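Letter by letter, the chains look like this.
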Amino acid sequence: MTVDSSSLNKASQDLNGTSQFAKSEEAWDVYRLLVENSYDLVGEIDPSGEYIYVNPSYFSSLGYSQKDLIQRSAFDYIHPQDQPKAKREFQQQDGTTIIRFRHQNGAWKWFDCSFRQFGTENGTRTVLISRDISARKEAEIKFDVLASLGTRLSAAKSQVEAARVVADAAGILCGWDAFSLDLYDPEMDVIHPVLMVD
């Protein structure tokens, strides 16, 4: 099926209940086409947080098939620090929030989530539309580390304390989990070990 802008406009009007077109099969075909081919994650959860529907982007973004997620709690995949916020916010009628979802490989990815509740004959449902913002969040975190590095180094009272500041920053900026930091004394032509992280 080819989708042009007039079909999208008709589908949008129909889904908002402004024309008879909404009752036609073509409107649902356009709607299905948009949701199934979206890069964004589109999911539907019930009041307890269990997935009722997820689009194929859950697999491409997070590695989970529809079978892996349906009838499982969305909160099982949300970072423990973000769960209280997500549970509280998903009880609202609509809104946006930023939360971390666990990838099937165990890594955490940042998502900007828009959500809206609606009523059905089977009860209340919440639609989640989530966009991966991991690259943006990682850039923000690195910017914050670099922006505060000078202040933190100036406040260090010893070489070891300064080395720990550098080690913390390197861990965030470079992902290093092991390294050593040495200081060179040019007057004595000697290298002094300051910190070793294993």
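Look up a bit, the structure's there.
All values derive from a computational prediction rather than experimental measurement. (Residues numbered from 1 in each chain as written. Predicted model: local features only at pLDDT ≥ 70, side-chain atom pairs only at ≥ 80, totals over all residues. Heavy atoms only, no water.)

Caption draft 1: Molecular detail of the overall build of the protein. Looking only at helices and strands, one finds seven helices and seven strands in the protein. Reading the helices (α) and strands (β) of the protein from amino to carboxyl end gives α-α-β-β-α-α-α-β-β-β-α-α-β-β. Restricting the contact set of the protein to residue pairs at least 6 apart, pairs at least 24 apart contribute 32%. (Helix = DSSP H or I, 4+ residues; strand = E, 2+ residues; numbered from the N terminus. Contact = heavy atoms within 4.5 Å.)

Caption draft 2: Here's a closer look at the sheet that holds strand β1 (residues 41-45). Taken in spatial order, the five strands line up as β2-β1-β5-β4-β3 in an open sheet, and their pairing is antiparallel. Every interior strand has two partners, whereas the edge strands, β2 (51-54) and β3 (94-102), have only one. Shown here is a sheet whose adjacent strand axes are inclined to one another by a mean of 30°, direction ignored. Of the pairings in the sheet, the one linking β1 to β2 comprises three bridges and is antiparallel in character. Paired with E44 across the strands is Y53, a residue of β2. On top of the sheet, helix α6 (residues 134-155) reaches β3, β4 (108-120) and β5 (123-132); it is set at about 130° to β4, its chief contact. (Pairing = 2+ DSSP bridges. Axes fitted to C-alpha atoms, helices over the stretch in contact; angles between N-to-C directions.)

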